[in-house]
Every structure is written in structure tokens, then in C-alpha cells.
Amino acid sequence: MKLSVLDQSVICKGESASTALQKTVQLAQKTEALGYTRFWVAEHHNTNGMAGSSPEVLISHIASNTRHIRVGSGGVLLPQYAPYKIAENFKVLEALFPNRIDVGIGRSPGGSATTRLALTDGLRKSLNDFPRQVKDLQGFLQNQIPLDHPFRDVQAFPDTASLPEMWILGMTHRGARLAAENGTAFTYGHFITPLNGGQAMDYYYQHFQPSPTITEPKANVCVFVVCASTQEKAEELALSQDLWLLAVEKGIDTRIPSIEEAKSTSLSIEQRKKIQENRKRMIIGTPQQVKSEIFRLSEKYRTDEFMIISNIYNFEDKIEIYRLLAETIL
């Protein structure tokens, strides 16, 4: 079993964005030492609670402060950008850190309609262009643009001896189909929705077409995990993540609240129901309980790699989660 990390550089209440980013780098260093395979950072915009609005910049800094763990995006919001520019960004990263860079891409609009227009400088781009953009990004990365392409004379530089590994992030069989057809690796977002994972992963494995860079299917699954020495402690730590998710879904203050604030917050019946629904996206428990659930999901999803995301308030407790998982699973 392999373990990896997705970190969203979420800001805790009472702390700054600078502190959140410093913690992301520290988490990368700690998990590298613990034997984790890869460390990805997310891309979010127009939110006061997430500091990671530029994954390419953050990837460079993390890779500079680690030695061998793979570093990548989970993921770049390709519909808002030009595939050519993304290809050049990640080729520069690959030149700086050979055989360590992952370019994970997603179809998400990245925020509200106004936020998306700000990202595209007012250009109304269709999300339906995502499959074409995926092919273009592959072409620019591999210097294999079709002869009938309008940009066939344009090459993405610098030339590199190796290429970044390309992953498509998805939550349905649509993303799985795109990854399979284009011969890329695939990440399923169980931490967003656990409903479609089995179908998506089955489709990916059944229809995978080899590409010049990936000859066999390669997939992982991302899941929320809160782990502690006792079930009671794990449940307590998860309270801050529960309240944070409620805020994220409402688009309000998206900084992580303390456990004390979470305990003292009065919740409506609807909010309590939503928390219980959100718990389906998480694994919460002791190391052995978490291990058992991960191995169960491994059989369901037919993968031996899980990306762990944990958005709790206390950083020392967060580090402990990753330590406990490494000691129990790796």
C-alpha cells in the first residue's frame, strides 16, 4: 500500500496565509520522511480560507525544500487556462526537479461565474472544451501536436529528458473515461463524493488505452482521514473539519475553527444531518480502524495508493495523523 498527501493550505482561524503555507511545506517534509509517495497541492480562488491559489509556485517551493517525494497539483483548473502555458509551467518544474513532478488537472470552474471570468480575463470559455484541452496539454508536453492543429508550429519549452506525470482528477465516470481514452493516470475524489467511485474506477481500468508516457492504468483515491490513538479523540479532532465543511458549502468564512469553537457552536437539525452526510466522505478512527477501511476501499477501487487529506485545526495533531497512518500501513 502507498500513501500520498493532498494539502489545501487551509488557514486556521487566528493565523495568517503565510503561516498556512509554511505548514504546507513542513507537512511535505514530515510526510517525505515518513515514506509517503507524493505530495499534491490544490488550487482555489476568491476564498479567504485557502492560501493555495497558485499551485505551480507552491510546487516549486515545496520541491526545493524536499529531496525525493513527488510533488504536484491536485489540481490545476485547466478550463480557465491555455494548455500551452500549463505545459511550459510544468516543463520548467520538471527541468528543475527531474522525475519528481506530477501535473494533476481538473475540470472544476474554480469558483463563481464572476471568479471564473476574472481568471480568464473576461473570456467566456466553455467547460465542454476540457477534453480538447487535455489532448492539447498532452501534445505540448510530449511535443506531439497533430499536423492539422492550428498551433502545430508551436513547441513548449524547455526540452526535458523526462516529462511530468499527467493525472486527471475526477468524480464520475466522465473523468475516468477521459483519463482512459488519453492514457493518463486517474485520481478519484472520494473526499468530494463517495457515490460514483466504483463505477468510475471500473470504467477506467476496463477502457484504458496506453499512451507514450503511461503504458498501464495507474490510479489513486483521495479521502478525508482523521486518526488518533482512540476513537473518542479522533471524533473530537474531526469536529473542526465538520464545521469547516459546513462553511465551505455555504461559501462563507472558510478558515478552520478551533475544536473549542466547534464544540460551542449551536447546530440546526439540517446542519447535523449534513455533517452526518459529510462523514461518508471521511474515515475517522484509530489507526487499525482506518487501516481496515482503507484496505476495504482498496478492494472496492482496485488501487494500492490513497491520497490523505486532513483539514483539522491543530497542526501537531495533523502531523500525528500522518505519522500514525505511516506506522500502521506503510
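Structure: above.
Predicted model only: the values in this text are computed from it and were never measured.

## Some points on the overall build of the protein chain
In terms of helices and strands, the protein chain carries 12 helices and 10 strands. The C-alpha radius of gyration computed for the protein chain amounts to 19 Å, which stays within 12% of the reference 20 Å derived for 330 residues, consistent with globular compactness. On the principal axes, the C-alpha backbone points of the protein chain span a range of 60 × 40 × 35 Å. Out of the 330 residues in the protein chain, the part that is buried amounts to 53%. Once local pairs closer than 6 in sequence are excluded, the contacts in the protein chain between residues at least 24 apart make up 73%.

## Looking at the packing of helix α11 (residues 287-301) against helix α12 (residues 315-329)
Contact geometry for α11 and α12: axes closest at 10 Å, N-to-C directions at 65°. Classified by the angle their axes make, α11 and α12 are roughly perpendicular. In the packing of α11 onto α12, the handedness of the crossing is right-handed. Every residue of α12 that contacts α11 at Pro287, Gln288, Val290, Lys291, Ile294 and Phe295 is listed here: Leu324, Leu325, Thr328 and Ile329. Here the contact of α11 with α12 is composed, by residue class, of 7 nonpolar, 2 polar and 1 charged.

## Considering the pattern of salt bridges
Should their charged atoms come close, side chains of opposite charge can pair. As enumerated under the stated definition, the model contains 21 salt bridges in all. A salt bridge links Lys233 to Glu236; its shortest N-O distance comes to 3.8 Å. Residue Lys233 and its partner Glu236 are located together in helix α8 (residues 231-250), separated by 3 residues, close to a single helical turn. Classification of Glu236 by relative accessible area gives partly exposed; the value is 26%.

## Some thoughts on the environment of Gly251
For Gly251, the location among the structural elements is in the loop between α8 and α9 (259-264). For the pair Gly251 and Ile269, spaced 18 residues apart in the sequence, the C-alpha separation amounts to 20 Å.

## What about the pairing of strand β1 (residues 2-7)?
Among the 6 residues in β1, 5 count as buried, and that is most of the element. Pairing analysis gives 4 bridges linking β1 to strand β10 (residues 305-309), with the strands arranged parallel. Paired with Ser4 across the two strands is Met307, which belongs to β10. By the bridge criterion, 3 bridges tie β1 to strand β2 (residues 38-41) in an arrangement that is parallel.

## So, helix α10 (residues 269-278)
Of the positions making up α10, those classed as buried are Gln271, Ile275 and Asn278. Along α10, the residues classed as buried sweep out an arc of 65° about the axis, all on the same side. Within α10, the exposed residues directed more than 90 degrees away from the buried face are Ile269, Glu270, Lys273 and Gln276. Elements that come into contact with the buried residues of α10 comprise α8 and β9 (282-285).

## Some remarks on the packing of aromatic side chains
Within this structure, the stated rule accounts for 8 aromatic pairs. For the pair Tyr84 and Phe140, a centre-to-centre distance of 5.1 Å together with 65° between the ring planes defines the contact as edge-to-face. Of the two residues, Tyr84 sits in helix α3 (residues 83-96) while Phe140 sits in helix α5 (residues 130-142), which places them 56 residues apart along the sequence. Since its relative accessible area comes to 3%, Phe140 is described here as buried. Consider the rings of Tyr204 and Phe208, whose centres lie 5.6 Å apart with planes at 70°: the pair is edge-to-face. Pairwise contacts between aromatic rings join Phe186, Tyr204, Tyr205 and Phe208 into one cluster.

Conventions adopted
Position labels on residues start from 1 in each chain and follow its written sequence. Where local features are concerned, this predicted model is filtered to residues with pLDDT of at least 70; where side-chain atom pairs are given and counted, the filter is 80 or more; whole-chain, interface and lining totals use all residues. In computing side-chain properties, one takes all heavy atoms of the structure into account and sets aside hydrogens as well as water. Think of it this way: any DSSP run of H or I at least four residues long counts as a helix, any run of E at least two long counts as a strand, and we number them from the N terminus. To get the radius of gyration, use the C-alpha atoms; to get the globule rule, take the number of residues to the power 0.38 and multiply by 2.2 Å. A 1.4 Å probe rolled over the protein chains alone gives each residue an accessible area, and that area as a share of the maximum for its type sets the label: buried under 20%, exposed over 50%, partly exposed in between. Between two residues, a contact is recorded if the distance between any of their heavy atoms is within 4.5 Å. All axes here are fitted lines through C-alpha atoms, helices being fitted over the stretch that makes contact, and every angle between N-to-C directions spans 0 to 180 degrees. What sets the label is the angle itself: under 35 degrees gives roughly parallel, over 145 gives roughly antiparallel, 65 to 115 gives roughly perpendicular, and the rest give oblique. The crossing is said to be left-handed when, going from far helix to near helix, the turn is anticlockwise and less than a right angle, and right-handed when the turn is clockwise. Under the convention adopted here, Pro, Cys and the residues Ala, Val, Leu, Ile, Met, Phe, Trp and Tyr are nonpolar, Asp, Glu, Lys and Arg are charged, and Gly plus all remaining residues are polar. Any Lys or Arg side-chain nitrogen located within 4 Å of an Asp or Glu carboxyl oxygen qualifies as a salt bridge. Strand pairing is assigned whenever DSSP detects at least two bridges linking the two strands. Here the arc refers to the directions that run from the helix axis out to each C-beta atom. Two aromatic rings, drawn from Phe, Tyr or Trp (for Trp, its six-membered ring), form a pair once their centres lie within 6.5 Å of each other, and the interplanar angle then sorts them: stacked below 30 degrees, edge-to-face above 60, tilted otherwise.

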